[in-house]
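The residues making up each chain are set out below.
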Amino acid sequence: MKRIKTAPFMPSEVEIEQTGDNSVRITAYPFETGYAVSLAHPIRRLLLGSTIGYAPIGVKIEGASHEFDSVRGMLEDVAVFIINLKNLRFKIKGDEKKVEVNYSFTGPIEITGADLNNDQVEVVNPEGFLATLNEDAELNFSLLIHQGIGYVPSEEIREDIPEGYITLDAFFTPVRAANYTIENMLVEDNPNYEKIVFNIETDGQIDPVTAFKNTIEVMYRQMSIFNNILDINVSEETPAIVAENPLVKTLMQGLDTLGLSARSYNSLERAGLKYIGELALMSENELKEIKNLGKKSLEEIKEKLAEVGFPVGTEIEEETAKELKKKIDATKK
């Protein structure tokens, strides 16, 4: 039978796991059925469409007047040069929203993103290839690099580009991937609650956690329009985005992951124990007091705890212990 409610269940947990140099996994839970996707989909859309990035919007190449031209001594045609240029990801240093940068190269040289770093801009993928110059070649070019969001085709910005520049399509978005999955989870014996798992990757112009935080701020600002006339009162505190302690994550694994014998596992289960962390928090004397836990089972448990890096008597840092106890208590309410 369904319980009568006057408000939906409020999610309370947000965790962050670094999965790469520019990628993270962000998990939020628990949500009632249907609420997870209602939040996850617009967050994904905003991540891709509202995250600020940088891109070249115009290039001026000495000796070339259009994108189908060529430069003497440069192996690549201008069209290929522009494609390679778009694959480089720039970042403006300081607070400027747009800069003009000038470059000059003489051959022989193979130009990569690293060669374009200077006091004004940084190329976050320095290994990216740009062009090859022969021994007697000289290449002089200027770039207009702008801050922006989303994608802007060259037709829409052509009027803003100075004469002599070739206008470029501007792909500002620094978010390479923003995907989510909805997983079911158990809350208070109800298996129909949900968890959102975001996997976010950026190109290095911005770190993914900052991109996610900025997206949530954009969502709040967009929704605040309704507060102008409706005077909305949000009484619940918004849960902070905190990185999950890796030790706590390990200790919150179920006892079944220890590979205990049936006799030892059943003794712990009858005692109401579910997680490795509950054993790690116990002294040897406390373990001995577990009902129906024989000497052989005790030795087995001590051996298994040592295997996972938490021998009996291990001193767990106070903050980690507090966080662990809080999580354990929350699962048993």
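So, how was this worked out
- Residues numbered from 1 in each chain as written.
- Predicted model: local features only at pLDDT ≥ 70, side-chain atom pairs only at ≥ 80, totals over all residues.
- Heavy atoms only, no water.
- Helix = DSSP H or I, 4+ residues; strand = E, 2+ residues; numbered from the N terminus.
- Rg over C-alpha atoms; globule rule 2.2 N^0.38 Å.
- Buried < 20%, exposed > 50% of the residue type's maximum accessible area, 1.4 Å probe, protein only.
- Contact = heavy atoms within 4.5 Å.
- Areas by Shrake-Rupley, 256 points an atom, 1.4 Å probe, with all protein chains shown as cover.
- Lys, Arg positive; Asp, Glu negative; His and termini not counted.
- Charge placed at Lys NZ, Arg CZ, Asp CG, Glu CD.
- Axes fitted to C-alpha atoms, helices over the stretch in contact; angles between N-to-C directions.
- Parallel < 35°, antiparallel > 145°, perpendicular 65-115°, else oblique.
- Nonpolar A, V, L, I, M, F, W, Y, C, P; charged D, E, K, R; others polar.
- pLDDT = per-residue confidence, 0-100.
- Core = buried A, V, L, I, M, F, W, Y, C linked by side-chain atoms within 4.5 Å.
- Polar contact = N/O pair within 3.5 Å; in protein donor to acceptor, adjacent residues only side chain to side chain.
- Salt bridge = Lys/Arg side-chain N within 4 Å of Asp/Glu carboxyl O.
- Pairing = 2+ DSSP bridges.
- Expected span 1.5 Å × (residues − 1).
- Arc of directions from axis to C-beta.
- Patch = residues over 30% accessible without salt bridge, like charges linked within 9 Å, V, L, I, M, F, W, Y side chains within 5 Å.

## Quick look at the overall build of the protein
Now for step 1: Counting its secondary structure elements, the protein contains 11 helices and 15 strands.
Now for step 2: For 333 residues, the compact-globule estimate of 2.2 N^0.38 gives 20 Å, and the protein exceeds it by more than 25% at 28 Å.
Now for step 3: Judged by the C-alpha coordinates and their principal axes, the protein covers about 90 × 55 × 30 Å.
Now for step 4: Sorting the 333 residues of the protein into buried and exposed places 41% on the buried side.
Now for step 5: Here the analysis covers contacts within the protein between residues at least 6 apart in sequence; of these, 67% occur between residues at least 24 apart.
Now for step 6: Looking at the protein as shown, the accessible area adds up to about 19900 Å², and 49% of this sits on carbon and sulfur atoms.
Now for step 7: For the protein, the separation between the mean place of its 35 positive charges and that of its 55 negative charges on side chains is 11 Å.

## So, the environment of N84
Now for step 1: As for its placement among the helices and strands, N84 is situated in helix α2 (residues 78-87).
Now for step 2: Considering only alpha carbons, one finds N84 and S142, 58 residues apart in sequence, at a separation of 15 Å.

## A short note on the packing of helix α1 (residues 35-50) against helix α4 (residues 208-223)
Now for step 1: Direction vectors running N to C along α1 and α4 enclose 110°, while the axes themselves pass 9 Å from each other. On the basis of their axis angle, the class for α1 and α4 is roughly perpendicular. Facing L39, P42, I43, L46, L47 and S50 of α1, the residues of α4 in contact are A211, F212, T215, I216, V218 and M219.
Now for step 2: Split into classes, the residues belonging to the contact of α1 with α4 amount to 10 nonpolar, 2 polar and no charged.

## A short note on the confidence of the model for the protein
Now for step 1: Summarising the model, the protein shows a mean pLDDT of 88, and 95% of its residues fall at 70 or more.
Now for step 2: Long-range and interchain partners of residues 236-242, a stretch whose pLDDT sits below 50, account for 12 contacts in this model, where long-range means more than four residues apart.

## As for the nonpolar core
Now for step 1: In this structure, V59, F81, F90, L116 and F141 are the most contacted members of the largest nonpolar core, which totals 31 residues.
Now for step 2: F90 has contacts with Y54, P56, L85, Y103, L116, V121, E122, V123, L143, I145 and Q205, leaving out every residue within four places of it along the chain.
Now for step 3: In terms of nonpolar packing, the next biggest core, distinct from the first, is built from 24 residues, V248, M252, L279 and L293 among them.

## Here we look at the side chain of S297
Now for step 1: Note on placement: S297 falls in helix α10 (residues 295-307).
Now for step 2: At 3.0 Å, the side chain of S297 and the side chain of S264 are in polar contact.
Now for step 3: Apart from the residues lying within four places of it in its own chain, the contact partners of S297 are R263 and S264.

## What about the pattern of salt bridges?
Now for step 1: Enumeration over the complete set of coordinates arrives at 7 salt bridges.
Now for step 2: Close ionic contact of D203 with R89 constitutes a salt bridge, the shortest N to O distance being 2.6 Å. Residue D203 is found in the loop between β14 (190-202) and α4, and its partner R89 is found in the loop between α2 and β4 (90-92); the two are separated by 114 residues along the sequence.
Now for step 3: In this structure D203 comes out as buried when scored by relative accessible area, which is 6%.
Now for step 4: Through salt bridges with shared partners, one network takes in E284, E299 and K302.

## A short note on the environment of V121
Now for step 1: Within the element layout of this structure, V121 appears in strand β7 (residues 121-123).
Now for step 2: Taking C-alpha positions, V121 is 67 Å from K295, a pair spaced 174 residues apart along the chain.

## Some remarks on the sheet that holds strand β11 (residues 166-167)
Strands belonging to one sheet form pairs held by backbone hydrogen bonds; the direction of such a pair is parallel or antiparallel.
Now for step 1: Across the sheet, 4 strands lie side by side as β5-β9-β3-β11; this open sheet has antiparallel pairing. In this open sheet, the two strands that pair with only one neighbour each are β5 (98-106) and β11.
Now for step 2: Note that β5 and strand β9 (residues 138-148) share 9 bridges and pair antiparallel. From the neighbouring strand, S104 faces β9, where its bridge partner is N140.

## Structural notes on α4
Now for step 1: An ideal rise of 1.5 Å per residue puts 22 Å on 16 residues; α4 measures up with 23 Å between its terminal C-alpha atoms.
Now for step 2: P208, A211, F212, T215, I216, V218 and M219 are the residues of α4 that are buried. Along the axis of α4, the buried residues cluster in a sector spanning 160°; they form a single face.
Now for step 3: For α4, the elements touching its buried residues are β2 (23-31), α1 and β14.

## Quick notes on a nonpolar patch on the surface
Now for step 1: Among the surface-exposed residues, M223, I225, F226, I229, L230 and I232 lie close enough to one another that they form a single nonpolar patch of about 670 Å² accessible area.
Now for step 2: Inspection of the secondary structure puts F226 in the loop between α4 and α5 (227-230).

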